[in-house]
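The lines below spell out each chain.
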Amino acid sequence: MEEKKKVIFSGIQPSGNLTLGNYLGALKNWVKLQDEYDCYYCVVDLHAITVKQEPKDLRRRTLEVLAIYLAAGIDPEKNTIFIQSHVSTHSEASWLLNCNTYIGELFRMTQYKDKSKRYGESVSAGLLNYPVLMAADILLYNADLVPVGGDQKQHLELTRDIAQRFNNTYSPTFTIPEPYIPKSGAKIMSLQEPTKKMSKSSDNPNSYILIMDPPNVIRKKINRSVTDSLGTVKYTDDQPGIKNLMTILGNIKGMTMEEIEKKYEGQGYANFKKDVAEAIVEELEPIQNKVNEYLGDKSYLEDIYKKGAEKAYKVSYKVLRKMQKKIGFIPR
Ligand code: TYM
């Protein structure tokens, strides 16, 4: 008998245009894991509305994120690719889990603390409850593994706590998921303030590379990226800008930090920056071309997300029913 594959769940928010951080920290690893696992890759549009979204931009970006999944190499025949709002079990399970989560736990989340500072008075209740929806996403599929960047580690820990609490309060229901955080690329930094994370919601476009940035824009942004006056390509915390560019180059080219240091010894930064830019262009250009092809075939995309939602609903509904029953709801 064929052994049952372990399950992966992961998602990206269509809350802004995707960055090189999303690609190296998450998406690239999803592609690597797809043969070994039974994977659910979701466009998490419900998460995106925790901050204000222009409806037409949200629509456009949701399809673009889906096209980027495919263009990056996620095979729709092997994986379940879907849009979160199409599968109503996520919102339903989220409510059930909200009633099993303490607000103290949510107020402690660093991402909530950072984001709520930015939005001041107009922080939505959704922003606070966001990690519970993420827990619902993961637990509804009994995911074993969740490939994410380092910034999601705390949310994963909360997911494990919520799952454990539910299992203890009722009876074993959920698999306790493990994070999969890559050794290289878990935290790609801003090109302008390299001590901060590269983020799709930054106000400064020079701080990030978008997956869809044209080659000349990529070259310009890398050229303008903040470095230092030391003039040596060295992997050290004293040179956060250079360290970040080395991480990017190493990740794309499969080079170790020592190899990069050696290659650019005594050369200053110009050549190094040029090579970083070319590596990114080489990696992203084929993806961009495919994204544009997919976006030109909306009915193909529709076919994929409809099939994906059907499968996702079937699987997650069983788990939701189990939750409802254990909580004490009368079956309909
Ligand atoms: P999101 O949309 O902010 O980011 C998507 C993925 O990209 C990773 N990432 C980065 N990795 C390295 N360097 C960076 N600068 C960088 N920026 C982002 C993130 O860690 C993430 O893996 N809450 C999640 C989405 C989500 C989810 C889920 C993930 C919702 N439900 C269930 C996993 C499982 C988020 O906001 O990711």
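Computed from a prediction, not measured in an experiment: that's the story for all the values here.

Before going further, it helps to spend a moment on helix α1 (residues 20-33). An ideal rise of 1.5 Å per residue puts 20 Å on 14 residues; α1 measures up with 19 Å between its terminal C-alpha atoms. Along α1, the largest kink reaches about 35° and is centred on A26. Counting buried residues along α1, 12 of its 14 residues qualify, which places the element largely inside the surrounding structure. Taken together, the buried positions of α1 are L20, G21, N22, Y23, L24, G25, A26, L27, K28, N29, W30 and L33. Here α1 starts with a cap whose side-chain oxygen sits 3.1 Å from the backbone nitrogen of G21, and that cap is T19.

Moving on, we get to the pairing of strand β2 (residues 38-43). Most of β2 is tucked away: five of the six residues are buried. Bridge count between strand β1 (residues 7-12) and β2: six bridges; the pairing is parallel. Each residue of the ladder has a partner; that of S10, found in β2, is Y41. With α1 bridging β1 and the parallel β2, this β-α-β connection has right-handed handedness.

Turning next to the pairing of strand β3 (residues 80-83). Here β3 shows no split at all, with T80 and F82 on one side and I81 and I83 on the other all buried. Alignment of β2 against β3, held across four bridges, turns out to be parallel. Paired with V43 across the strands is I83, a residue of β3.

A few words on the nonpolar core. L20, Y23, Y69, I209, I222, F272 and I280 are the most contacted members of the largest nonpolar core, which has 59 residues in total. Domain assignment of the residues forming this core places at least three in each of domain 1 (7-186 + 297-327) and domain 2 (205-292). Dropping the residues within four chain positions of it, Y69 is found in contact with G11, I12, L27, W30, Y41, C42, V43, I74 and I81.

When the terminal C-alpha atoms of helix α3 (residues 55-72) are compared, their 26 Å separation across 18 residues agrees well with the 26 Å that a helix rising 1.5 Å per residue should span. In terms of burial, α3 is a largely internal element, 13 of the 18 residues being buried.

On to the domain arrangement of the protein chain, then. On domain assignment, one finds that the protein chain holds domain 1 (7-186 + 297-327) and domain 2 (205-292). Once you take the C-alpha centre of each, domain 1 and domain 2 turn out to be 29 Å apart. Facing the 14 residues of domain 1 at the interface are 15 residues of domain 2. Carbon and sulfur atoms supply 69% of the area that domain 1 and domain 2 bury against each other, a total of about 1400 Å² over both sides. Of all residues in domain 1, L20, Y23 and A71 give up the largest surface area on contact with domain 2, accounting jointly for 40% of the area buried on that side. Between domain 1 and domain 2 we count one salt bridge in total. With a shortest N-O distance of 3.7 Å, E283 and K28 are connected by a salt bridge. Where domain 1 packs against domain 2, one counts five residue pairs in polar contact (both at pLDDT 80 or more). Of all elements in the fold, only α1 and α3 reach the threshold of two or more residues within the side of domain 1 that touches domain 2. Looking at which element gives the most residues to the side of domain 1 that touches domain 2, the answer is α3, with five residues. A breakdown of the residues in the side of domain 1 that touches domain 2 according to their chemical character gives eight nonpolar, four polar and two charged.

A few words now on the site of the ligand. Taken together, 27 residues are adjacent to the ligand, and Q13, Y130, D137, D151 and I188 come closest. Within the side chain of D137, an N or O atom sits 2.7 Å from a nitrogen atom of the ligand. A distance of 2.8 Å separates an oxygen atom of the ligand from a polar atom in the backbone of G149. For the ligand, whose free accessible area comes to 710 Å², the fraction covered by protein is 97%. For the shell around the ligand, the elements supplying multiple residues, two or more each, are β1, α1 and α7 (125-139). Considered class by class, the residues forming the shell around the ligand number 12 nonpolar, 10 polar and five charged.

Calculation notes
- Residues numbered from 1 in each chain as written.
- Predicted model: local features only at pLDDT ≥ 70, side-chain atom pairs only at ≥ 80, totals over all residues.
- Heavy atoms only, no water.
- Helix = DSSP H or I, 4+ residues; strand = E, 2+ residues; numbered from the N terminus.
- Expected span 1.5 Å × (residues − 1).
- Bend = angle between axes of the 7 residues up to and from the residue.
- Buried < 20%, exposed > 50% of the residue type's maximum accessible area, 1.4 Å probe, protein only.
- Polar contact = N/O pair within 3.5 Å; in protein donor to acceptor, adjacent residues only side chain to side chain.
- Pairing = 2+ DSSP bridges.
- Right-handed = clockwise from strand over helix to strand, strands pointing away.
- Core = buried A, V, L, I, M, F, W, Y, C linked by side-chain atoms within 4.5 Å.
- Domains from an automatic or database assignment.
- Contact = heavy atoms within 4.5 Å.
- Buried area = accessible area lost by both parts, 1.4 Å probe.
- Salt bridge = Lys/Arg side-chain N within 4 Å of Asp/Glu carboxyl O.
- Nonpolar A, V, L, I, M, F, W, Y, C, P; charged D, E, K, R; others polar.
- Near = heavy atom within 4 Å.
- Areas by Shrake-Rupley, 256 points an atom, 1.4 Å probe, with all protein chains shown as cover.

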